[in-house]
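The primary structure of each chain is shown beneath.
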Amino acid sequence: MLTIGSPTTSLFTSTSCNTLLRELQQIWTDIGESEAEKDRMLLELERECLEVYRRKVEDAANSKARLHQSVAAKEAELATLMAALGELSVHSPIQTEKRTRSLKEKLASVTPVVEDLRMKKEERIKQFAEIKAQIEKISSEISEYNNLNNTLVTNITLDEQDLSLRKLSEYQTHLRSIQKEKSDRLHKVFEYVNEVHSLCGVLGLDFGKTVSGVHPSLHGTQQEQSTNISNSTLEGLEQAIRMLKLERKARIQKLKDVAASLFELLNLMDSPTEEKNKFSRITSVLGFAESEIIEPGVLSAEIIEQASTEVERLTKLKASRMKELVMKRRSDLEGVCKMTHIEPDTSTNPEKSTALIDSGLVDPSELLANIEAQIVRAKEEAISRKEIMDRIDRWLSACEEENWLEDYNQDTNRYNAGRGAHLNLKRAERARVTVSKISAMVDNLIFKTLAWEDEKKMLFLYDGVRLVSILEDYKLTRQQREEEKRRYRDQKKLQDLLQTEKEAMYGSKPSPRKTNSFRKPNGYRANGNGSMTPTPRRNSFGGATPELLTPRSYSGRQNGYFKEMRRLSTAPLNFVAISKEETMSFASVCGSEPGSPPQG
């Protein structure tokens, strides 16, 4: 007989089965089935009941296996998700097994955790995809220009076995690195583009055409088109900048060549200021270094062409006015030589130059170039002569002071308390100091001149006369004058002695006359404060002394080459025949020498 496991269920089943069995047996009895037939049918009934139980058991076992498989799959998926996401603190299936025994409870506890991790994985995959898309996009911009309107996400292949935060951090770090590289490249591209813009502006070139030749995105008007920052673009910009700088250098050199000729011609042709001002822009360019030239269009082909055209025009005009230009430059040469007391080269004097040009024997351009070279040499010689010329000026100034002092010493009223007398007295004191240095000045000037001649291997000429000869003549003349002064003082002492003896023999001398008939009064001129100062004289001492020959007296001569020196009369004075009053008057005029103390 069949049995049921659960007591309540077994009792209910047993009661139902017994009732049905009794009813079935009653029916068999009523039918008249034999006992053997009844036993056979009961055995068959038991077999059918066992088959039903067996099928139910198999179904239950299959359900259990499927649940167990589902739990195992969930747990395996949970472990995979945890490993991929790097999660360590989620709900563990082992802990769930301790709290729940049935498979359904296990499955129910694992399923929410797995679903949560699935969502987390999807979010993480999306983060990785976005970062990698940006990386690939920027990499493509850096490597080469692509159509950025097409999405690059479809080309992304992610490793879903590693979606941890550590891996995500690595992607983010790489993204920041490549973003920085993009920023640096953009900054560099903008610097290059700005430099190209500046150079194109200076050279007057089309900026848009220049940068578009490197890459269209550098001068594109489409907002959706990103600026290309690839290596080829950077190399193209660098090459463009090099070419533009070479062009700038070439144009500057060309402009310098043209400008040199232009301004030389403008000066030669005495062009008006307004015409010169037209090219002042070129002058401002030539004064700067290459990197400092930033004015737009200043090196444009139009500017250079304009200057070149002007040079051609002035060159043609110069050819027709060459004779006039030669005379002008010869005049300039004479002016330079006159300032430095150099004799100009006689090979290009106006008469010879005119004759040569008229005869056609010499090209006027060659003659002009010869004069230009002479001007250069004269200026160079003037520079080397400057120190000696300065010393000559100081010496001549001292000679002027000496002349003034002699006139001052001959003035009998110099000590009167008149207006400005104290100023003349101070000037006389300074003049005596200056005059006392003349001899040293001359000796030092001779020494410097000889040193210059040794160094240059040529004579130092002053208006055609050797300066050393002038100085030696001056020293000789000065010595003769000093000798005359000493002789005059000796004669005056003898005269005074004779006069004293005469007075002792014939009585006291008569009262002196108030007039000075021996010399003419000196000329005077008023200075700034109203005082009267003697006018400087050329003759040094009275009328009985030789002339002091300075470079100025030499330069006044016609040829200036060692002619016989002009002398004033040196006939001795007949002091015996001169009256005493006239003698005193003469002494008041000539008794004081330069550098001697004033006599009362």
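Residues numbered from 1 in each chain as written. Predicted model: local features only at pLDDT ≥ 70, side-chain atom pairs only at ≥ 80, totals over all residues. Heavy atoms only, no water.

This next bit is on the overall build of the protein. The number of helices and strands found in the protein is 18 helices and four strands. The buried share among the 600 residues of the protein stands at 34%. Summed over all atoms, the accessible surface of the protein reaches about 36600 Å², with 54% contributed by carbon and sulfur. (Helix = DSSP H or I, 4+ residues; strand = E, 2+ residues; numbered from the N terminus. Buried < 20%, exposed > 50% of the residue type's maximum accessible area, 1.4 Å probe, protein only. Areas by Shrake-Rupley, 256 points an atom, 1.4 Å probe, with all protein chains shown as cover.)

Take the packing of helix 4 (residues 103-143) against helix 5 (residues 165-203) next. Put simply, helix 4 and helix 5 touch, their axes get as near as 10 Å, and they point 25° apart. The angle between the axes of helix 4 and helix 5 places the two elements in the roughly parallel class. As for how helix 4 packs across helix 5, the hand of that crossing is left-handed. Counted together, Arg 124, Gln 127, Phe 128, Ile 131, Lys 132, Gln 134, Ile 135, Ile 138, Ser 139, Glu 141 and Ile 142 of helix 4 and Leu 165, Lys 167, Leu 168, Tyr 171, Gln 172, His 174, Leu 175, Ile 178, Gln 179, Glu 181, Lys 182 and Arg 185 of helix 5 form the full contact between these two elements. A class-by-class count of the residues in the contact of helix 4 with helix 5 yields 10 nonpolar, six polar and seven charged. (Axes fitted to C-alpha atoms, helices over the stretch in contact; angles between N-to-C directions. Parallel < 35°, antiparallel > 145°, perpendicular 65-115°, else oblique. Left-handed = near helix turned anticlockwise from the far one by under 90°. Contact = heavy atoms within 4.5 Å. Nonpolar A, V, L, I, M, F, W, Y, C, P; charged D, E, K, R; others polar.)

To continue, consider the nonpolar core. With 68 residues, the main nonpolar core has Leu 262, Ile 282 and Leu 299 as its most contacted residues. Looking at which domains feed residues into this core, each of domain 1 (17-126) and domain 2 (323-411 + 422-503) supplies at least three. The contact partners of Ile 282, leaving out residues within four places of it in the chain, are Leu 255, Ala 259, Leu 262, Phe 263, Ile 303 and Ala 307. Of all hydrophobic cores here, the second largest spans 25 residues; its members include Met 389, Leu 396, Val 442 and Ile 446. (Core = buried A, V, L, I, M, F, W, Y, C linked by side-chain atoms within 4.5 Å. Domains from an automatic or database assignment.)

Attention shifts here to helix 4. Owing to its 3.6 residues per turn, the α-helix aligns residues three or four sequence positions apart on the same side. Spanning 41 residues, helix 4 covers 56 Å between terminal C-alpha atoms, matching the ideal 60 Å at 1.5 Å per step. The opening residue of helix 4 is Ser 102, an N-cap whose side-chain oxygen sits 3.2 Å from the backbone nitrogen of Glu 105. (Expected span 1.5 Å × (residues − 1). Polar contact = N/O pair within 3.5 Å; in protein donor to acceptor, adjacent residues only side chain to side chain.)

To continue, consider the packing of aromatic side chains. Applying the stated criterion across every chain, the model contains four aromatic pairs. Positioned above the aromatic ring of Phe 460, the side-chain terminus of Arg 385 is 4.0 Å from the ring centre. Across the ring face of Trp 404, the terminal group of Arg 427 is positioned such that the distance to the ring centre comes to 4.2 Å. (Phe/Tyr/Trp six-rings, centres within 6.5 Å; stacked < 30°, edge-to-face > 60°. Lys NZ or Arg CZ within 6 Å of the ring centre and 35° of its normal.)

Scanning all chains against the criterion turns up 30 salt bridges. Here Glu 35 ties to Lys 38 by a salt bridge, and the two come within 3.8 Å at their closest N and O atoms. Of the two residues, Glu 35 and Lys 38 are both situated in helix 2 (residues 35-85); the distance of three residues between them amounts to about one turn of the helix. Take Lys 38: its relative accessible area is 11%, and that puts it in the buried class. Two residues, Glu 115 and Arg 118, come together in a salt bridge whose shortest N-O distance is 2.9 Å. Note that Glu 115 and Arg 118 are positioned in helix 4 at a spacing of three residues, about one turn of the helix. (Salt bridge = Lys/Arg side-chain N within 4 Å of Asp/Glu carboxyl O.)

On to the state of the cysteines. Under the criterion given, the structure shown has zero disulfides. As a non-bridged cysteine, Cys 49 has Cys 17 as the owner of its nearest cysteine sulfur, 6.7 Å distant. Since its relative accessible area comes to 25%, Cys 49 is described here as partly exposed. (Disulfide = S-S within 2.5 Å.)

Before going further, it helps to spend a moment on the environment of Val 326. Along the chain, the position of Val 326 falls in helix 11 (residues 322-340). Look past the residues within four positions of Val 326 in its chain and what remains in contact with it is Ser 353, Ile 357, Pro 364, Leu 367, Leu 368 and Ile 371.

Our focus in this paragraph is the confidence of the model for the protein. With 76% of its residues at a pLDDT of 70 or more, the protein has an overall mean of 75. No element of the protein has a lower mean pLDDT than helix 18 (residues 580-590), at 36, and none a higher one than helix 15 (residues 438-456), at 91. Low confidence marks residues 145-156, where pLDDT is under 50. Its contacts with residues over four positions away, or in another chain, come to 20 contacts. Throughout residues 556-600 the model reports pLDDT below 50, and contacts reaching past four residues in sequence, or to other chains, amount to 90 contacts. (pLDDT = per-residue confidence, 0-100.)

In this section: unusual backbone geometry. Glycine aside, negative phi is the norm for most residues, and most peptide bonds take the trans geometry. Although it is not a glycine, Lys 457 sits at a positive phi angle of roughly 60°. Secondary-structure assignment places Lys 457 in the loop between helix 15 and strand 1 (461-462). Even without glycine at this site, Asp 463 takes up a positive phi of about 55°. Tracing the sequence through the fold places Asp 463 in the loop between strand 1 and strand 2 (465-466).

A few words on the environment of Leu 266. Locating Leu 266 in the fold gives a position in helix 7 (residues 231-268). Sequence separation of Leu 266 and Leu 314 is 48 residues, and the distance between their C-alpha atoms is 7.6 Å. In contact with Leu 266, not counting residues within four places along its chain, are Ser 271, Glu 275, Lys 276, Phe 279 and Leu 314.

Attention shifts here to the packing of helix 13 (residues 364-409) against helix 14 (residues 421-436). When two helices pack together, their arrangement is captured by the angle between the axes and the distance separating the axes. Taken N-terminus to C-terminus, the directions of helix 13 and helix 14 make an angle of 130°; their axes are 9 Å apart at the nearest point. Our classification of the angle between helix 13 and helix 14 gives oblique. Handedness of the helix 13/helix 14 crossing: left-handed. Contacts between helix 13 and helix 14 involve Ala 398, Glu 401, Glu 402, Trp 404, Leu 405, Tyr 408 and Asn 409 from the first element and Asn 424, Leu 425, Arg 427, Ala 428, Ala 431, Arg 432, Thr 434 and Val 435 from the second. Partitioned by chemical class, the residues of the contact of helix 13 with helix 14 number eight nonpolar, three polar and four charged.

What follows is about a nonpolar patch on the surface. Taken together, the side chains of Leu 494, Leu 497 and Leu 498 make up a nonpolar region of the molecular surface, amounting to roughly 280 Å² of accessible area. Within the secondary structure, Leu 494 is located in helix 16 (residues 467-506). (Patch = residues over 30% accessible without salt bridge, like charges linked within 9 Å, V, L, I, M, F, W, Y side chains within 5 Å.)

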